[in-house]
Amino acid sequence: MAEPVLRLEALNKSFGGLTVTSNVTFEVAAGELHAVIGPNGAGKTTLINQISGLIVPDSGRIFFSGCDVTALSAPRRAALGLARTFQITSILPAFSVIENVALAVQARIGSSFRFFGRASAEEALNTPAMVALAEVGLADRADVLAGHLSHGEKRALELAIALAMKPKLLLLDEPMAGAGREESKRLITALSRLKGRFPMLLVEHDMTAVFALADRISVLIYGQILTSGTPDAVRADPQVIAAYLGEEME
Amino acid sequence: MTQLSAPAPLPPYRDSILVHEILPIAIFLAFALLPVAAAFGAETYLLGLFMRVMIFAIAALGLDLLVGYGALISFGHAAFIGIGAYAVGILASHGIGEASISLPVALAAATLFAYLTGAICLRTRGVYFIMITLAFGQMAFFFASSLAPYGGDDGLTIHARNTIFGFSPFKYERLFYYIVLGCLAGCYLLCRALVVSRFGRVFRGARENATRMATLGFEIHRYQLAAYAISGALGGLAGFLLANATDFISPAYMSWQRSGELIIMIIFGGLGTLHGAIIGTLAFLLLGEWLSGLTEHWKMILGPLLVLIVLLARGGLLGLAAQVAAWWRRETIHSISDFTWTFGRLVRSLASSIGERLSFNGIKFAIQLFWSRIRG
């Protein structure tokens, strides 16, 4: 089997006396959509933050496409092709929608130490940005201020920003958070279209979404990986049912 | 619904071509025509006064770049002016009065100082950034005060203005005036290009959402440091011109009161518009000049006036102009029966801007400083 895109080795993180990541080891294989589920406070977002470089783990190592990135800053990891979305929408509200995405293109193409020339008139930035916006259905909102978008549209914009980075791995931190039933459906459709184009690590609460999308699922409880496997295997796992799925699956 | 520190919504004047395109042209036209008008009156006085306005406007532009576009409230900005001025003064005292040497030295010294101190200051945020830039500014001030060979506390008189390749354009007040105007126009255009460039986009983005910028792949410190150095260079240019205009250098150029004044100037005119910095400098210095002619206790008038402007006019004088213009437009379009509604809106917007301003500790701090001592 090909080398995994992402490999976590014995990752640990505590905040004071609270252990939020405990000896976490798992892999995201090339092309797969790997979901991490777990109850509130299981340490899902902390895990994503460690992978994307916003939080430094206490011990353990993170490998991204074969390189040890444990010591690299978030910008360096992003430059290697690690894109992420945030549970709490993280966009530039005073920038227009297209500028938000064009910035991601600019980061990928490089050379941001250009002091002259109007960036918003550059086709090399705007064209790829429009492609990404069209993919999430925001093309007709390109010139609106990002802060003026509806909640669902902001979630879609986050996805477009990540797409414009042409990621080698996409980390999705609860993309359905706060979305209504209809919006969730639209996002699931959008994600299933993207599936296979690049590997994704999906952290999600919404079980419908997870079981509809994931190739493999890891269950995280109290910072520990309880089990990993195919959706069917996880669904049937008595440990998982007892610890987590029980109430939702009757 | 975002949990980001939501930035203030764009003020309405952003859209206005009148305020954004025509007004800057009008300002520069007025500066250009002033010597003609001055020829009929107290020419030396007026040229000197407006030259001072334009010189400080160059430094204010640099500061607006940081504060208005990057939310980096630098409180040691006078140091850059002082360093530029001292470069001229020290070289002149050793007999080097050639601008082709002193100007690059002034720019390089100010830029280097900005780069080195910025690398440290930019590790901090918010009020700590204000304090640490103030600390570096004070260090420069005390360093200049202790330079005994160059006048120490008393400052140093420059006996001959700089020459440019053997010519002495600074001797002729009018020519000097237009050179300063050219510098100001050049800096203004440079800053305008900068803020909409790729670089400027990243710099502005860092103010909006630093985490997002980091996860996009931008090491925002590098961009902020570059902007800080550019801003320092503008200060150095202002210092170079100031030393030549006053024939004198003094540690007072670097005092923290000067830094505070620069902040007040840009807030006064309207942050984040660039020409607002020029208008603010103009208004601040002219108001000071005019009021000091009226009464000995002119600071008693200037102080409350500035506080009122900062509190009531969102976006400074530019914002006030736009508010009045919008109110006037609405007034003419709607009938008089809408007056109460319009008036209510105006009062409400003023009230909300008071609230915003009060919550902006940096500005509050600047006002308190201003109260304590207006001019150094």
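Refer to the structure above for everything that follows.
S.K.: Sorry, what's going on with the overall build of chain A here?
M.R.: Of the regular secondary structure elements, chain A holds nine helices and ten strands. Over its C-alpha atoms chain A spans a radius of gyration of 18 Å, differing by no more than 12% from the 18 Å that the globule rule assigns to 250 residues. In terms of overall dimensions, chain A has C-alpha extents of about 60 × 40 × 40 Å along its principal axes. Residue pairs at least 24 apart in sequence account for 67% of intrachain contacts in chain A once pairs closer than 6 positions are excluded.

S.K.: I keep staring at helix H3 (residues 97-109) of chain A and nothing clicks. Help me out?
M.R.: One turn of the α-helix equals 3.6 residues, which is why residues spaced by three or four share an orientation. Compared with an ideal rise of 1.5 Å per residue, which puts 13 residues at 18 Å, H3 of chain A spans 19 Å between its outermost C-alpha atoms and is within 8% of the ideal. Of all 13 residues making up H3 of chain A, eleven are buried, and the element is well covered by its neighbours. On its buried side, H3 of chain A packs onto helix H2 (74-79), helix H4 (123-135) and helix H5 (151-164) of chain A together with helix H7 (198-208) and helix H8 (210-216) of chain B. A positive phi of about 90° marks Gly 110 of chain A, the residue just after H3 of chain A.

S.K.: In this structure, what is going on with the interface of chain B and chain A? I would like to understand it.
M.R.: Put simply, an interface is often sized by how much accessible area is lost when its parts join up. The interface is formed by 26 residues belonging to chain B together with 30 residues belonging to chain A. Elements represented by at least two residues in the side of chain B that touches chain A include exactly helix H6 (173-196), H7 and H8 of chain B. Element by element, the count of residues in the side of chain B that touches chain A is highest for H7 of chain B, at six residues. Each residue belonging to the side of chain B that touches chain A can be placed in one class, and the counts come to 13 nonpolar, eight polar and five charged.

S.K.: Before we go on, may I ask you to explain the sheet that holds strand S3 (residues 33-37) of chain A in this structure?
M.R.: Two modes of strand pairing occur in sheets, parallel and antiparallel, and in both the strands are linked by backbone hydrogen bonds. Residues and elements named next belong to chain A. Pairing in this open sheet of six strands is mixed, and the strands run S6-S7-S8-S3-S9-S10 from one edge to the other. Among the strands making up the open sheet, the edge pair consists of strand S6 (82-84) and strand S10 (224-229). Each neighbouring strand pair of the sheet contributes to a mean axis angle of 20°, computed without reference to strand direction. Relative to S10, strand S9 (residues 216-221) is paired through five bridges, and the arrangement is antiparallel. Bridging from a neighbouring strand, Val 219 pairs with Thr 227 of S10. Running at roughly 150° to strand S7 (residues 169-173), helix H1 (residues 44-52) makes contact with S3, S6, S7, strand S8 (200-203) and S9 of the sheet.

S.K.: Explanation requested: the sheet that holds strand S4 (residues 59-64) of chain A in the structure shown.
M.R.: All names here are of chain A. Within the open sheet, the four strands sit side by side as S2-S1-S4-S5. Their pairing is antiparallel. Unpaired on one side and paired on the other, strand S2 (18-28) and strand S5 (67-68) mark the two borders of the sheet. Pairing of strand S1 (residues 6-15) with S2 involves seven bridges; the strand directions are antiparallel. Note that in S2 the partner of Leu 8 across the bridge is Phe 26. Its contacts with the sheet place H1 against S1, S2 and S4, and it is angled at close to 60° to S2.

S.K.: Would you mind showing me how to read the packing of helix H4 (residues 99-121) of chain B against helix H9 (residues 220-246) of chain B here?
M.R.: A pair of packed helices can be characterised by two numbers: the angle between their axes and the separation between those axes. All names here are of chain B. Orientation of H4 relative to H9, taken along the N-to-C sense of each, is 145°, at an axis distance of 7 Å. Here H4 and H9 pass one another in a crossing that is right-handed. On the side of H4, the interface is formed by Ser 102, Leu 103, Ala 106, Leu 107, Ala 109, Ala 110, Thr 111, Phe 113, Ala 114, Tyr 115, Gly 118 and Ala 119, while H9 contributes Leu 225, Tyr 228, Ala 229, Ser 231, Gly 232, Ala 233, Gly 235, Gly 236, Leu 237, Gly 239 and Phe 240. Its residues assigned to classes, the contact of H4 with H9 shows 15 nonpolar, eight polar and no charged.

What counts as what
- Residues numbered from 1 in each chain as written.
- Chains lettered and ligands numbered in written order.
- Predicted model: local features only at pLDDT ≥ 70, side-chain atom pairs only at ≥ 80, totals over all residues.
- Helix = DSSP H or I, 4+ residues; strand = E, 2+ residues; numbered from the N terminus.
- Rg over C-alpha atoms; globule rule 2.2 N^0.38 Å.
- Contact = placed C-beta atoms within 7 Å.
- Expected span 1.5 Å × (residues − 1).
- Buried ≥ 20, exposed ≤ 12 C-beta atoms within 10 Å, placed from the backbone.
- Nonpolar A, V, L, I, M, F, W, Y, C, P; charged D, E, K, R; others polar.
- Pairing = 2+ DSSP bridges.
- Axes fitted to C-alpha atoms, helices over the stretch in contact; angles between N-to-C directions.
- Left-handed = near helix turned anticlockwise from the far one by under 90°.

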